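Survey of secondary and tertiary structure
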Amino acid sequence: MNRDEIYSILNGVFQDVFDDESIEVNDATTSADIEDWDSLEHINLIVAVEKAFGVKFNVGEIHNMNNVGDMVNLIIAKKG
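Report on the accompanying structure. Bear in mind the structure is a predicted one, so any value in this text is a computation, not a measurement. (Residues numbered from 1 in each chain as written. Predicted model: local features only at pLDDT ≥ 70, side-chain atom pairs only at ≥ 80, totals over all residues. Heavy atoms only, no water.)

Across its full length, the protein holds four helices and zero strands. Ordered by position from N to C terminus, the α and β elements of the protein give α-α-α-α. Computed over the C-alpha atoms, the radius of gyration of the protein is 11 Å, within 12% of the 12 Å expected from 2.2 N^0.38 for a compact globule of 80 residues. Within the structure as shown, the protein displays about 4900 Å² of accessible surface, and the carbon and sulfur contribution to it stands at 47%. Side chains of the protein give 5 positive and 16 negative charges; the mean places of these two sets differ by 14 Å. (Helix = DSSP H or I, 4+ residues; strand = E, 2+ residues; numbered from the N terminus. Rg over C-alpha atoms; globule rule 2.2 N^0.38 Å. Areas by Shrake-Rupley, 256 points an atom, 1.4 Å probe, with all protein chains shown as cover. Lys, Arg positive; Asp, Glu negative; His and termini not counted. Charge placed at Lys NZ, Arg CZ, Asp CG, Glu CD.)

This is the structure in C-alpha cells:
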C-alpha cells in the first residue's frame, strides 16, 4: 500500500469522522487545520483509522503523532 492509496482511504475517514466532504488531508495536516478536531474527535478518528486499515496503534504511537504524515508513516510500517 503506497502513500496515495493510504491518503485516498484517509480522506474518506476524515470526511466521515468530521462530517465534512471538503476535507483533504496531507502530510502537514494537524488538528489546528480542522475546526472540529478536538480530543474527543481525536479518539473517534484513531478508532476509525484503525478500523479502516486493520491496524492498532499503541498509546505511545498515538502520543507521538504530530501530523497526518506521522499517521501515514505508522500505517505504512504496520502494513509493511
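A word on the packing of aromatic side chains. Under the counting rule described, the total for this entry stands at three aromatic pairs. Judged by centre distance (5.5 Å) and plane angle (75°), the rings of phenylalanine 14 and tryptophan 37 are edge-to-face. A residue pair is termed long-range when its members are at least 10 positions apart, and phenylalanine 14 in helix 1 (residues 3–17) and tryptophan 37 in the loop between helix 1 and helix 2 (39–53) qualify at 23 residues. Neither residue differs from the other here; phenylalanine 14 and tryptophan 37 are each classed as buried. Pairing phenylalanine 18 with tryptophan 37 gives two aromatic rings, centres 5.9 Å apart and planes at 45°, and the pair type is tilted. Of this pair, phenylalanine 18 sits in the loop between helix 1 and helix 2 while tryptophan 37 sits in the loop between helix 1 and helix 2; the two residues are 19 residues apart in sequence, bridging distant segments of the chain. Taken as a pair, phenylalanine 18 and tryptophan 37 share a single burial class, namely buried. Three or more aromatic residues joined by ring pairs form one cluster here, namely Phe14, Phe18 and Trp37. (Phe/Tyr/Trp six-rings, centres within 6.5 Å; stacked < 30°, edge-to-face > 60°. Buried < 20%, exposed > 50% of the residue type's maximum accessible area, 1.4 Å probe, protein only.)

Over its 15 residues, helix 1 runs 20 Å from end to end, which matches the ideal 21 Å to within 8%, given 1.5 Å per residue. Residues of helix 1 that are buried include every one of Ile6, Tyr7, Leu10, Asn11, Val13, Phe14 and Gln15, and no others. Those residues of helix 1 that are buried lie in contact with helix 2 and helix 4 (68–79). If you check the start of helix 1, you find a side-chain oxygen 3.0 Å away from the backbone N of aspartate 4, and it comes from asparagine 2. Immediately downstream of helix 1, the backbone of aspartate 19 shows phi near 50°, a positive value. (Expected span 1.5 Å × (residues − 1). Contact = heavy atoms within 4.5 Å. Polar contact = N/O pair within 3.5 Å; in protein donor to acceptor, adjacent residues only side chain to side chain.)

By themselves, these observations are geometric and do not establish any function.
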